[in-house]
Amino acid sequence: MTTSPLLSLPGAVAGDGVDAAVAAHYGSFNLEQRTLTSGEGFVDLSHRDVVRIAGPDRLAWLHSLTSQAFEGLGAGAWTSALVLSPQGHVEHFFSGVDDGEAFTAWTEPGAGDALATYLERMKFWSDVTVTLETSLASVWRASTSSPTGGGYSFIPRESLETYAAAAGPACGFWAFEALRIERGEPRFGVDTDARTIPNEVGWVPGSVDSTGPEYAVHLEKGCYRGQETVARVHTLGRPPRRLVLLHLDGSENRLPAAGSELVHGEKTVGFVGSSARHHELGPIALGLVKRNVPIDAQLVVDGMPVTQEVLVDPEIGLHVRPLR
């Protein structure tokens with residue numbers, strides 16, 4: 001993982017774990033959240049892996065492999081996609097844009113090699129080239145005109161400092177994460193596990209008219225691996241588990257570790273994924289809980305009481321966007 005040159009900016013404090021290569025904040029993550037919600041600033045996401053798929057067959061090939069409709073995708077249109085197991089479990093997630101010559105996508109730090117290896121293995125006779133792009137960096141820029149508060153773009157890694165000087169103010173990853181959690185957007189590998197199906201975490205739209213990079217499944221595309229599970233739960237509802245927004249006890253000056261058990265009574269009913277301190281809501285987190293857990297039940301994580309806010313409806317299995 002290449003350390004971002006933006007860690008040399010005034011006040012920059014590095015993140016931790018897989019996010020250690022970028023700034024967690026530049027002095028005040030609360031102020032940085034307010035900056036982003038006002039439509040100003042950008043976030044350095046250069047620690048994310050970037051995969052590029054080029055070649056004349058790329059869109060038809062991606063269409064056949066993934067949960068998303070790539071055929072006819074226009075240049076400049078961002079979209080997200082999943083690779084599923086035969087049982088419908090999420091194996092890979094990526095989000096990107098086509099420029100008319102290649103589709104460039106980001107995925108989570110450390111996930112790019114496995115994704116590129118899988119795609120390379122599935123090329124067969126298709127005229128495509130798959131590369132893990134270390135020369136490109138992902139950034140997110142705030143915008144009040146976007147329903148998700150901003151948008152992604154790719155820039156040459158060597159231009160990060162020039163970009164920062166023009167696009168500032170720089171806002172840290174903690175601010176970005178707090179706003180993502182508030183929106184109820186899951187992070188692959190943190191808010192999901194090996195058993196996750198798309199319906200549980202809000203990656204399935206309510207109708208074919210619901211589009212955007214927050215959705216990673218297209219309801220009218222042709223056959224793809226794992227489609228039967230997605231279609232069955234979409235038709236019948238009642239997903240095995242559901243994504244929830246958790247409001248944590250603010251008297252505790254700590255956040256639960258990702259993967260911590262969520263307990264109801266004496267039973268483990270799920271786990272916590274991402275967590276953050278929100279500038280208005282206080283400490284919040286995303287959790288994945290069993291469908292039959294009452295939506296008004298108080299849960300406990302790491303000794304802290306937490307309350308739920310519904311993100312994915314337990315009966316119909318769809319995200320309640322917009323949350324707020």
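Structure shown above.
The structure displayed is predicted, hence computed values, not measured ones. (Residues numbered from 1 in each chain as written. Predicted model: local features only at pLDDT ≥ 70, side-chain atom pairs only at ≥ 80, totals over all residues. Heavy atoms only, no water.)

**Student:** Describe the sheet that holds strand E9 (residues 136-142), naming the residues involved and giving the relevant values.
**Tutor:** Here we have four strands laid out as an open sheet, ordered E10-E9-E3-E11, and mixed in their pairing. The open sheet terminates on both sides in strands that have one partner only, identified here as strand E10 (150-156) and strand E11 (170-171). In this structure, strand E3 (residues 42-44) lies alongside E9, joined through three bridges in antiparallel fashion. The residue bridging phenylalanine 42 from the neighbouring strand is arginine 141, located in E9. (Pairing = 2+ DSSP bridges. Helix = DSSP H or I, 4+ residues; strand = E, 2+ residues; numbered from the N terminus.)

**Student:** Tell me about the pairing of strand E6 (residues 90-98), residues and numbers included.
**Tutor:** Judged by how many residues are buried, E6 sits mostly within the fold: eight of nine residues are covered. The pairing of strand E5 (residues 78-84) with E6 spans seven bridges and is antiparallel. Counterpart to leucine 82 in the pairing with E6 is phenylalanine 93. Connecting E5 to the antiparallel partner E6 that follows it, the hairpin turn spans five residues, and glycine 88 within it adopts a positive phi of roughly 90°. Inspection of the sheet shows E6 paired to strand E7 (residues 102-107) by four bridges, in the antiparallel sense. Across the sheet, glycine 96 pairs through a bridge with alanine 105, a residue of E7. If you look at the hairpin formed by E6 and E7, you'll find three residues sitting between the two strands, and glycine 100 has a positive phi there, around 95°. (Buried < 20%, exposed > 50% of the residue type's maximum accessible area, 1.4 Å probe, protein only.)

**Student:** Describe the environment of valine 312, and please don't skip the residues or the numbers.
**Tutor:** By secondary structure assignment, the location of valine 312 is in the segment after strand E17 (304-310). The spatial distance from the C-alpha of valine 312 to the C-alpha of threonine 107 is 23 Å, given a sequence separation of 205 residues. Other than its neighbours up to four places away in sequence, valine 312 contacts Asn199, Glu200, Val201, Gly202, Arg242, Leu243, Gly317, Leu318 and His319. (Contact = heavy atoms within 4.5 Å.)

**Student:** Describe in detail the packing of helix H1 (residues 29-37) against helix H5 (residues 173-183), supporting the description with residues and values.
**Tutor:** To characterise two packed helices, one gives the angle between the axes of the helices and the distance between these axes. Two elements in contact, H1 and H5, have axes separated by 8 Å at closest approach and are oriented at 60°. With respect to their mutual orientation, H1 and H5 come out oblique. Where H1 crosses over H5, the two elements pack in a sense that is right-handed. Between H1 and H5, the contacting residues are Phe29, Glu32, Gln33, Leu36 and Thr37 on the first element and Trp174, Ala175, Phe176, Ala178 and Leu179 on the second. Of the residues that constitute the contact of H1 with H5, the class distribution is seven nonpolar, two polar and one charged. (Axes fitted to C-alpha atoms, helices over the stretch in contact; angles between N-to-C directions. Parallel < 35°, antiparallel > 145°, perpendicular 65-115°, else oblique. Left-handed = near helix turned anticlockwise from the far one by under 90°. Nonpolar A, V, L, I, M, F, W, Y, C, P; charged D, E, K, R; others polar.)

**Student:** Explain the pattern of salt bridges to me, and be specific about the residues and the numbers.
**Tutor:** As enumerated under the stated definition, the model contains 15 salt bridges in all. Arginine 58 serves as the salt-bridge partner of aspartate 98, at 2.7 Å between the closest nitrogen and oxygen. Here arginine 58 lies in helix H2 (residues 58-65) and aspartate 98 lies in strand E6, a separation of 40 residues in the sequence. Take aspartate 98 and arginine 58: they sit in the same class, and that class is buried. The partner of glutamate 91 in a salt bridge is arginine 225, with the nearest N and O atoms 2.8 Å apart. Taken together, the residues glutamate 91 in strand E6 and arginine 225 in the loop between H5 and helix H6 (227-236) connect sequence positions 134 residues apart. Connected through shared salt-bridge partners, Asp19, Glu108, Glu177, Arg180, Arg187 and Asp191 make up one network. (Salt bridge = Lys/Arg side-chain N within 4 Å of Asp/Glu carboxyl O.)

**Student:** Any chance you could break down the sheet that holds E6 for me, citing the residues and the numbers?
**Tutor:** Pairing is antiparallel across the open sheet formed by five strands, whose spatial order is E5-E6-E7-E4-E8. Lying at the two open borders of the sheet, with one neighbouring strand each, are E5 and strand E8 (129-132). For this sheet, the mean angle separating the axes of adjacent strands, direction not counted, is 25°. Strand direction decides the pairing type here: strand E4 (residues 49-54) and E7, joined by six bridges, are antiparallel. Bridge pairing links arginine 52 to threonine 104 in E7. Along the sheet, helix H3 (residues 112-121) makes contact with E4, E5, E6, E7 and E8, crossing E4 at roughly 20°.

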